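# Observations on the model geometry
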Amino acid sequence: MPRETGRKVIAQNKRARHDYHVEDTFEAGLVLQGTEVKSLREGRASLVDGYATIDGNEAWLLNVHIPEYSQGTWTNHAARRKRKLLLHRKEIAKLAAQTKEGGLTIVPLSLYFKDGRAKVEIGIARGKKDWDKRQSLAEAQAKREMARALRHRNR
């Protein structure tokens, strides 16, 4: 059987880009149990309430919901357990230094399989104020209207 190649997105956190200004992104591996991988292969996960922390020299992903595997037995996992992130030591040090500053947090942006391995894209983010959110929504709507006008003009 050939090896799986490419990138297959399982879940995206669209809410994170709405609620935060993402300043920098990192790709991290995940330490998962067998039933978690099977549940992810079914395309079931939610990153909505997730965040990451640095504890000592380790990075942890918390509150990410991977539902129990439907065919699992007593070996099933807890849906919202603490999961270890696999990052280089320099990346962990950089994340720790940046989150020590006030107002910065680490949020998961997307969860995917890359060449058969589960990966999560995390971002260092600063929270948006309400007026920032309204402004970014207005900009997106203006871009959509411009694209629509150009599309109708070219017909």
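Above this text is the structure in question.
Report on the accompanying structure. Fair warning: this is a prediction, and the values are worked out from it, not measured in the lab. (Residues numbered from 1 in each chain as written. Predicted model: local features only at pLDDT ≥ 70, side-chain atom pairs only at ≥ 80, totals over all residues. Heavy atoms only, no water.)

### Things to note about the overall build of the protein
For the protein, the count of helices and strands is four helices and seven strands. Mapped from its N terminus to its C terminus, the protein presents α and β elements in the order β-α-β-α-β-β-β-α-β-β-α. Its C-alpha atoms give the protein principal-axis dimensions of about 60 × 45 × 25 Å. Split into buried and exposed, the 155 residues of the protein put 34% on the buried side. Summed over its atoms, the accessible surface of the protein is roughly 10,100 Å², and 49% of this surface lies on carbon and sulfur atoms. Averaging the locations of the 32 positively and 19 negatively charged side chains of the protein gives two centres separated by 4 Å. (Helix = DSSP H or I, 4+ residues; strand = E, 2+ residues; numbered from the N terminus. Buried < 20%, exposed > 50% of the residue type's maximum accessible area, 1.4 Å probe, protein only. Areas by Shrake-Rupley, 256 points an atom, 1.4 Å probe, with all protein chains shown as cover. Lys, Arg positive; Asp, Glu negative; His and termini not counted. Charge placed at Lys NZ, Arg CZ, Asp CG, Glu CD.)

### Some thoughts on the nonpolar core
Within the largest apolar cluster, 25 residues are counted, with the highest numbers of intra-cluster contacts made by Leu40, Leu85, Leu87, Leu111, Val120 and Ile122. Apart from residues lying up to four places away in sequence, Leu111 is in contact with Val9, Ile10, Ala11, Leu30, Leu40, Ala45, Leu47, Lys119 and Val120. (Core = buried A, V, L, I, M, F, W, Y, C linked by side-chain atoms within 4.5 Å. Contact = heavy atoms within 4.5 Å.)

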